[in-house]
Structures are given as structure tokens and as C-alpha cells.
Amino acid sequence: MVAKKVGVSEATVSRVLNGKPGVSEVTRQAVLSALDVLGYERPTQLRGERARLVGLVLPELQNPIFPAFAEVIGGALAQLGLTPVLCTQTRGGVSEADYVDLLLQQQVSGVVFAGGLYAQADAPHDHYRRLAERNIPVVLVNAAIEHLGFPAVSCDDAVAVEQAWRHLASLGHERIGMVLGPGDHMPSARKLAAARAVAGEVPEEHVARAMFSIEGGHAAASRLIERGVTGFICASDPLALGVVRAARRKGLDVPGQISVVGYDDSALMNCTEPPLTTVRQPIEAMGKAVVELLNAQINGSAVAPEELLFEPELVVRGSTAQAPRT
């Protein structure tokens, strides 16, 4: 199990565990990190060594896209001898700023934020400044507010919306609405700007903002359905599932009367009823790029505070169909 995780032979793992020579420092650290990640206890003689730690800060675990990012990023970190420390926010629990203080106390080698307050313009951002002041390597996943000065790896929101919008328009939908995150949420703002660039105009009454949950999507969609929207573009898959539920509660068929496009292509979206049409984030490629950028900083290389944009892919399934004839 450990050998497979690190990509080395069992003999190499054995040499590390028994403190034998003939193993590079990088490989030795990778094996020890894999033990930590997989939940094995280190042999007594190796417990004194503290593995190089990297904070992996997530806004939640209910949306399956975040555990998926954690798996990809955590695996890539372990390959480099770095141990991810998972920090997940819960309502009323430890805040993002508290986690940053905790990670600084642990003298982490770097921090990856896969969603969080950096994406919300009106949220507090002082804890990011503390990381920058201490020259802690940081990488952000997906759209951030400007002026934070960290490199970012993002899925291209503009391309995602363009693909979804053109798909619904090709099916004859003329009243296309959007279910987005809160008003200060940067990826949602980018998606709305992209929609207006493609469509020329998206009336404000066809845009609903919600908390990122099935319940939020349900409430937002109920309002838009009453305004005659037949095609929905959503900022996450849970929001899209909320739209499907709202349509059903109103006695409407998906996709016969209402078409829905999600965003992420998170786990099990091909198993929903109907299977969800969605825009897939390339999390494997994005996760590897995140770790490459972080590792370069850890090793002392200068990394420009730029955003790498990755191309999404429309995955057409069963939640979209020809617009109903009026």
C-alpha cells in the first residue's frame, strides 16, 4: 500500500522503515509522509522526525469537489515527501484565520487554499497578509480577489459558461437563468460577466444568488421558474441538484420542461436522476499544477503571482433537452 502510494518497490519501503542506507532523502521523506497519510504509525526510531507539513484549507466537505481536490493534491504532496494537514471549516467551528494561525505555529512549509475567503471580496483577508509577510509559500485554487499577490490555479469560468450557454441555446432555450454564489463571490461574478459577454444581456431577474448547497439551489430556482426560466446554468453541482428538486416540487419534468447544467462534475453526478449535464473542472491537471507551484516556492524558486487558467469540458448527460414549445 505504501509502496504503491509513493511509486517505489516494497524493498525500498523496507529499507526506509529499517533505517538502512541506499535510499535518497526525497524518497525517504516520501515514504514517511505516505505512512502518515495512510494512517500507519512510524517505527519508533523514526518518530522523532517531523515530516514537512503543508496546510490544505477547504471551505467544506459536503460538496464532493473539495474531497476530490484534497485527494489529488494530497497524493501529489506525498510523492514529494510533504504531508498534507487537512483544515476544513465548519459553521461555528474553527475559522480560516484560526487555521492559518495554527499552521503558522506548526511551522508549515506552505499552504494551499482550495476555496475560501480569498474568493469573497467582502470577507476579511488579514490572515493572507500574515502568510505573505512571513514569506510562506501559498497557492490558491480558483478565482481570487485581486492584490493578494499569490499564484493561483483556476478553471476558466468564462469558457465554462460559454460552453453551457451555447449548449442550452442550441436546444432552443431562450429564457436562460443563472444560479450563482453570493454577490461578492469572485468565480460567480466571472461566470455572470461571461454570460453577459455571450448573450449580450442577462436580465437581473434571471439571476439568483444562493448559498452553495442543494437547499440554496432549490430556493433560488423556485424564484426563477416562476419568472419563466427554462434553462439553468449553475455555479456548482449541488446547486444544480437543488434546481432539479425545485422543478420536481412544482410538478415540472427535467429535462422535458426544465434543463439544468451544473459545474464541477463532482463524484456521482452520472448517478443522479436524471444524470446531470455539467461542466467538468480538470481537477487532476489543476491539482498537479498547484503542487508544482507550491514545491517550486518551497525550494526557493521565484513564482510569479499569476493565475494559470485550465480549460473545462462540457459533459452532456440527461438533465438537458430541447426547450418546451410554448
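Residues numbered from 1 in each chain as written. Predicted model: local features only at pLDDT ≥ 70, side-chain atom pairs only at ≥ 80, totals over all residues. Heavy atoms only, no water.

## Description of the overall build of the protein chain
Short version of the rule: Strands here mean DSSP runs of E at least two residues long; helices mean DSSP runs of H or I at least four residues long; both are numbered from the N terminus. Atoms counted for the radius of gyration: C-alpha only. Globule rule: 2.2 Å times residue count to the power 0.38. Only protein chains enter the area calculation, which uses a 1.4 Å probe; residues under 20% of their type maximum are buried, those over 50% are exposed, and those in between are partly exposed. Residue contacts are counted whenever heavy atoms from the two residues lie within 4.5 Å of one another.
From N to C terminus, the protein chain includes 11 helices and 12 strands. Here the protein chain has a C-alpha radius of gyration of 22 Å; the compact-globule value for 326 residues is 20 Å, and the two agree. With the principal axes as the frame, the protein chain shows a C-alpha extent of 75 × 40 × 35 Å. Taken across its 326 residues, the protein chain has 52% of its residues classed as buried. If you take every contact in the protein chain between residues at least 6 apart in sequence, the share linking residues at least 24 apart comes to 72%.

## With respect to the environment of Ala 143
Its location among the elements puts Ala 143 in the loop between β4 (138-141) and β5 (152-155). In this view, Ala 143 contacts Tyr 118, Ala 119, Ser 154, Asp 157, Met 186, Pro 187, Arg 190 and Glu 307; residues no more than four positions away in its chain are not counted.

## Some thoughts on the nonpolar core
What counts is decided by this rule: Residues enter a nonpolar core if they are buried and are Ala, Val, Leu, Ile, Met, Phe, Trp, Tyr or Cys, with the set joined through side-chain atoms within 4.5 Å.
Residues Val 111, Phe 113, Tyr 118, Leu 131, Leu 140, Phe 232 and Val 260 are the most contacted members of the largest nonpolar core, which totals 88 residues. With 8 residues, the single largest contributor to this core is helix α4 (residues 65-79). Beyond its immediate stretch of four places on either side in the chain, Tyr 118 contacts Glu 96, Phe 113, His 125, Tyr 128, Leu 140, Val 141, Asn 142, Ala 143, Ala 144, Ile 145 and Leu 148. Grouped together as the second largest cluster of nonpolar side chains are 11 residues, Ala 3, Val 13, Ala 30 and Leu 35 included.

## Some details on the sheet that holds strand β9 (residues 259-264)
Filter applied, for reference: Any two strands with at least two DSSP-identified bridges between them are counted as paired. In this analysis, axes come from line fits to C-alpha atoms, helices being fitted only over the stretch in contact, and the angle between any two N-to-C directions falls in the range 0 to 180 degrees.
Read across the sheet, 6 strands follow the order β7-β6-β8-β9-β10-β12 without closing on themselves; strand pairing throughout is mixed. The open sheet terminates on both sides in strands that have one partner only, identified here as β7 (207-209) and β12 (313-315). Across this sheet, the average inter-strand angle for adjacent strands is 20°, counted without regard to direction. As paired strands, strand β6 (residues 176-180) and β7 are joined by 3 bridges and run parallel to one another. Following the sheet pairing, Val 179 is matched in β7 by Ala 208.

## Observations regarding the packing of α4 against helix α11 (residues 283-298)
Helix-helix packing: each pair is described by the crossing angle between the helix axes and the interaxial distance. Convention followed: Put simply, angles under 35 degrees are roughly parallel, angles over 145 are roughly antiparallel, angles from 65 to 115 are roughly perpendicular, and the rest are oblique. Handedness of a crossing is defined here by the sense of rotation of the near helix relative to the far one, left-handed for an anticlockwise turn of less than a right angle and right-handed for a clockwise turn. Residues were grouped as follows: Ala, Val, Leu, Ile, Met, Phe, Trp, Tyr, Cys and Pro as nonpolar; Asp, Glu, Lys and Arg as charged; and all remaining residues, including Gly, as polar.
It is at 9 Å that the axes of α4 and α11 come closest, and there the two elements cross at 45°. It follows from the interaxial angle that α4 and α11 lie oblique. Read as a crossing pair, α4 and α11 show a hand that is right-handed. Contacts between α4 and α11 involve Ile 65, Ala 68, Phe 69, Val 72, Ile 73, Ala 76 and Leu 77 from the former and Ile 283, Glu 284, Met 286, Gly 287, Lys 288, Val 290, Val 291 and Leu 294 from the latter. When the residues that make up the contact of α4 with α11 are grouped by side-chain class, the tally is 12 nonpolar, 1 polar and 2 charged.

## A look at the environment of Thr 320
How we decide: The term polar contact refers here to a pair of N or O atoms within 3.5 Å; inside protein, the definition further demands a hydrogen-donor-capable atom paired with an acceptor-capable atom, and it admits residues adjacent in sequence only when both atoms are side-chain atoms.
Mapped onto the fold, Thr 320 is located in the segment after β12. By relative accessible area, Thr 320 is classed as buried at 10%. Considered as a pair, Thr 320 and Gly 115 are 205 residues apart in the sequence and their alpha carbons are 28 Å apart. When sequence neighbours within four positions are dropped, the list of residues in contact with Thr 320 reads His 167, Leu 168, Leu 171, Pro 255, Ser 259, Val 260, Val 261 and Thr 277. Within the local environment of Thr 320, its side chain forms a polar contact with the side chain of His 167, the two groups lying 2.9 Å apart.

## Topic: the state of the cysteines
In plain terms, the rule: Any two cysteine sulfur atoms lying within 2.5 Å of each other are counted as a disulfide.
The tally for this structure, following the rule as stated, stands at 0 disulfides. Left unpaired, Cys 271 is separated from the closest cysteine sulfur, that of Cys 234, by 19 Å. Exposure remark for Cys 271: the relative accessible area of 59% places this residue in the exposed category.

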